[in-house]
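Chain and residue survey
Each chain, letter by letter, is given below.
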Amino acid sequence: MKDIYYYFFCMLIFLTSQVGAKEFQYLEYKDSKIVSTHGIGFSLDIPPSFRKLEPINYTAVFNELPFNVTVAAIINEGKFIMLSAERLTDNSGVLDYSYYRPVELSGYPFFLRENCHQSLTLEDIASHKDVDHLQKNGFDLTKPTYISSFFMNSEDGNAEYIVHYGKNVSNCSEKTITEMFKKELSKEIEKHVDLRKL
């Protein structure tokens, strides 16, 4: 009898955790698009030959700020496009990425951060749910990887939409990451990232 009670108690805990995990989902696949639903409405056309990964939802704290996060990613040989739709759970309205370089992406204003990661370890990757999701689903981030991240925040400062475009490179040296490399990468991003405001 105790075993029966224990079983139902465990099932109740499991179901409660599942309900909590599904309280929000800010990105979803609709046909050949990824659509955001968290207050910054965009659709992204999925380029041919990119493979869809299931979206993941989680809570996180960045710079002492609490977030709900949905990540959806598509990958191709040595490339990925990862979207992150996030909302502050405390509604503090402090999100502002204007300290990054202003750029346009599909004709819309974003702020750009660029990084090259020479040698991420599996431990480094596992500590971040978004990139760990990529690693577990076929994109190797232990190889040198250049990532362009495009940030947009809502007018009230409570939501953000981020487009990460990453690709494996031979190394992160100045001889590889040249101005010519960046110009060619910009053309590549323009070709593969097609956003529409909703």
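Look up a bit, the structure's there.
As a starting point, this report considers the structure included with it. Residue positions are counted from 1 within each chain, in the order its sequence is given. Owing to the predicted nature of the model, reporting of local features is limited to residues with pLDDT of at least 70; listing and counting of side-chain atom pairs is limited to 80 or more, with chain, interface and lining totals taken over all residues. The side-chain values count all of the structure's non-hydrogen atoms but skip hydrogen atoms and water molecules.

A few words on the pairing of strand S9 (residues 108-117). At least two DSSP bridges between two strands are needed for those strands to be called paired. Here a strand is any run of E in DSSP of at least two residues, a helix any run of H or I of at least four, and the numbering for each starts at the N terminus. Sheet topology places strand S8 (residues 101-105) next to S9; five bridges connect them, and they run antiparallel. Within the sheet, the bridge partner assigned to Arg 101 lies in S9 and is Leu 112. Taking the residues that link successive antiparallel strands as the turn, the S8-S9 hairpin has two residues, and the phi of Ser 106 there is positive, at about 55 degrees. Looking at chain direction, S9 and strand S10 (residues 145-153) are connected through seven bridges and run antiparallel. Across the sheet, residue Leu 112 finds its bridge partner in S10, namely Phe 150.

Turning our attention to the side chain of Glu 86. One can find Glu 86 in strand S7 (residues 79-88). Look at Glu 86: it is buried, it has no salt bridge, and the nearest opposite charge is Arg 113 at 8.9 Å. Pairs of N or O atoms are called polar contacts if they sit within 3.5 Å, as long as, within protein, a hydrogen donor faces a hydrogen acceptor (for residues adjacent in sequence, only side-chain-to-side-chain pairs). One polar contact links Glu 86 to Ser 84, side chain to side chain, over a distance of 2.6 Å. Ignoring anything within four residues of it in the chain, the contact list for Glu 86 reads Tyr 26, His 38, Phe 62, Phe 67, Asn 68, Val 69, Asn 158, Ala 159, Glu 160 and Ile 162. Between buried and exposed lies partly exposed: a residue is buried under 20% and exposed over 50% of the maximum accessible area for its type, with that area taken using a 1.4 Å probe on protein chains only. Working convention for charge: Lys and Arg count positive, Asp and Glu count negative, and His plus the chain ends are omitted. We count a salt bridge whenever a side-chain nitrogen from Lys or Arg sits within 4 Å of a carboxyl oxygen from Asp or Glu. Here, two residues are considered to be in contact whenever any of their heavy atoms come within 4.5 Å of each other.

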